[in-house]
Amino acid sequence: MPGTELFGAEERKEVNDVMETGVLFRYGHDAQRNNHWKAKDFEAEVRKITGAKYAHAMSSGSTAIAAALAASGIGTGDEVIVPPFTFIASVEAVLFIGALPVFAEIDETLCLSAEGIEKAITPKTKGICLVHMCGGMADMDAIMAVVKKHNLILVEDAGQAFAASYKGTYTGLFGTAGSYSFDFFKIATAGEGGVFVTNDEEVYKKADVYSDHGHDHIGSNRGMENHPFLGFNYRISELHAAVALAQTRKVPGIKEKNLYNKKFLQNILSKTEGIGFAKLADPSGDSATFLNILMPTPEIAKNTVAEMNVAGVGGFNYWFTNMYHFVNQWDHLKNLKTISKLPVQVLGAPQDYNNLQLPKSQEVVGRLISFGVRCTWTEAEMTTLAEKISAAAVKAMKPVNA
Ligand SMILES: *Cc1c(COP(=O)(O)O)cnc(C)c1O
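Residues numbered from 1 in each chain as written. Predicted model: local features only at pLDDT ≥ 70, side-chain atom pairs only at ≥ 80, totals over all residues. Heavy atoms only, no water.

(A) Geometry of the overall build of the protein. Looking only at helices and strands, one finds 15 helices and 13 strands in the protein. Its C-alpha atoms give the protein a radius of gyration of 22 Å, near enough to 21 Å, the size a compact globule of 402 residues would have. Principal-axis analysis of the C-alpha atoms gives the protein an extent of 80 × 55 × 40 Å. Residues counted as buried form 55% of the 402 residues belonging to the protein. Counting contacts in the protein only where the partners sit at least 6 residues apart, residues at least 24 apart contribute 68% of the total. For the protein, the accessible surface area stands at approximately 17,200 Å², while carbon and sulfur atoms represent 54% of it. Across the protein, 38 positive and 44 negative side-chain charges occur, with their mean positions spaced 1 Å apart. (Helix = DSSP H or I, 4+ residues; strand = E, 2+ residues; numbered from the N terminus. Rg over C-alpha atoms; globule rule 2.2 N^0.38 Å. Buried < 20%, exposed > 50% of the residue type's maximum accessible area, 1.4 Å probe, protein only. Contact = heavy atoms within 4.5 Å. Areas by Shrake-Rupley, 256 points an atom, 1.4 Å probe, with all protein chains shown as cover. Lys, Arg positive; Asp, Glu negative; His and termini not counted. Charge placed at Lys NZ, Arg CZ, Asp CG, Glu CD.)

The following block contains the structure:
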């Protein structure tokens with residue numbers, strides 16, 4: 001998690017600005033705030049990096065994805081295609097706005113594939129919640145062709161892919177709206193925070209209103225503002241935005257370091273036969289927050305993980321058994337265990353979530369071992385790490401009786 005590696009004077013300065021005025025709220029209080037607008041400055045920084053026409057900071061990546069779905073016109077009863085490999089927030093967002101998730105296959109990009117999406121389309125499909133996973137990006141040319149052919153709404157959860165791009169367009173900006181996360185584990189962190197992005201002014205206005213109880217943010221008397229739609233509180237605080245602002249300014253530097261470090265590791269690892277890597281639909285657009293190793297088979301990946309554990313190698317994720325990132329462990333979702341009734345329970349699930357047939361996703365995630373790339377690694381540390389991974393992989397690939 002590179003952002004947290006670089007906390008320093010810059011973050012403290014931005015937070016102090018806010019503390020000195022005492023205005024922790026992002027709107028109004030113009031006289032007291034001494035011209036400090038951290039949420040606005042943070043949004044400007046996100047626009048600068050991504051080229052988004054509109055960016056709106058929110059309380060989390062989860063609320064930003066929910067706002068992106070809602071502002072795109074997805075709501076109760078709409079079928080939305082989702083991946084089985086994602087941080088579960090993407091699926092929760094679909095469920096909690098009242099829509100019905102339909103799982104489709106991912107491929108070696110670690111994201112939904114165009115083929116997978118096309119197979120999951122039904123007459124009730126309204127949209128896709130595409131997730132750009134592990135610092136990379138989906139195969140957008142192929143996916144956009146399916147989106148256009150079937151006239152679907154595309155929403156992108158780029159929670160893990162801020163500063164990643166595909167053929168020059170940044171993740172989150174291919175569809176109607178997108179979201180980034182700035183939680184503690186991302187390339188830049190606010191502690192908690194997210195950003196909604198879109199290039200469509202109308203969609204932006206809806207999200208702006210929706211994320212703040214319907215306030216239209218016109219005029220200077222908050223209590224007298226108009227409220228064109230109902231909304232809720234998805235606001236970010238100025239304190240979180242202050243940290244996010246300082247962190248976001250560091251992202252171009254972090255990305256450059258990440259790319260160098262990832263390449264350094266890959267150069268050593270690729271000398272070991274059998275070690276492969278996840279596919280990047282556009283290698284030049286990688287944010288390189290993760291080194292994504294694909295072993296030849298799930299069995300070998302499991303053995304490699306076991307060997308790495310014996311050798312004391314840390315810092316990796318074997319997502320196949322992870323409780324929050326892969327559908328196999330989502331028993332609460334499969335059995336629709338909720339604390340109160342959701343629309344999906346009234347309307348009926350569009351798929352039998354206990355009997356999903358996703359062999360390709362099972363195979364890809366079974367083979368995947370991801371390391372969080374650190375921007376402060378030394379070459380000596382990376383050499384040692386790569387050698388340990390290689391040794392574990394070699395052991396794991398050896399036939400049992402050899
Ligand atoms: C982190 C993440 C989120 C959620 O972000 P929060 O800021 O923690 O709410 C959503 N989707 C993906 C893919 C993520 O990795």
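Having seen the model, we can carry on.
(B) The pattern of salt bridges, seen in detail. The full count for this structure, using the stated rule, is 25 salt bridges. Of the charged contacts in the structure, one is a salt bridge between Lys126 and Asp78, with a shortest N-O distance of 3.6 Å. With Lys126 in strand E4 (residues 125-131) and Asp78 in the loop between helix H4 (61-71) and strand E2 (79-82), the pair connects residues that are 48 residues apart, well separated along the chain. Ionic pairing is found between Glu108 and Arg367, a salt bridge with its closest N-O pair at 3.6 Å. Of this pair, Glu108 sits in the loop between strand E3 (100-103) and helix H6 (114-120) while Arg367 sits in helix H14 (residues 359-367); the two residues are 259 residues apart in sequence, bridging distant segments of the chain. (Salt bridge = Lys/Arg side-chain N within 4 Å of Asp/Glu carboxyl O.)

(C) Focus on H14. Buried residues of H14: Ser361, Val364, Val365, Gly366 and Arg367, and no others. Residues of H14 that are buried make contact with strand E11 (290-294), helix H11 (298-310) and strand E13 (368-372).

(D) Region of the structure containing unusual backbone geometry. A positive phi angle, near 65°, is found at Asn35, a position not held by glycine. Here Asn35 lies in the loop between helix H2 (9-21) and helix H3 (38-50). Here the phi dihedral of Lys167 falls at roughly 45°; this positive angle occurs in a residue that is not glycine. Summarising the element assignment, Lys167 is placed in the loop between strand E6 (165-166) and strand E7 (169-170). Using a relative accessible area of 56% as the deciding quantity, one classes Lys167 as exposed.

(E) Summary view of the packing of aromatic side chains. Using the criterion set out here, one finds 17 aromatic pairs in the structure. Ring geometry for Tyr210 and Tyr234: centres 5.7 Å apart, planes at 85°, overall edge-to-face. A residue pair is termed long-range when its members are at least 10 positions apart, and Tyr210 in helix H8 (residues 201-210) and Tyr234 in the loop between H8 and helix H9 (238-249) qualify at 24 residues. Here Tyr210 falls in the partly exposed class, since its relative accessible area comes to 23%. In this structure Tyr234 comes out as buried when scored by relative accessible area, which is 13%. Measuring from centroid to centroid gives 6.4 Å for Tyr260 and Phe264, while their planes differ by 35°, and the two rings are tilted. Taken together, the positions of Tyr260 and Phe264, both in helix H10 (residues 251-269) and four residues apart, correspond to about one turn of that helix. Overall, the relative accessible area of 19% leaves Phe264 in the buried class. Aromatic rings pair up to connect Phe42, Phe162, Tyr180 and Phe182 into one cluster. Arg33 extends its terminal NZ or CZ atom over the ring of Trp37, reaching a point 3.9 Å from the ring centre. A cation sits over an aromatic face here: Lys40 above Trp37, 4.2 Å from the ring centre. (Phe/Tyr/Trp six-rings, centres within 6.5 Å; stacked < 30°, edge-to-face > 60°. Lys NZ or Arg CZ within 6 Å of the ring centre and 35° of its normal.)

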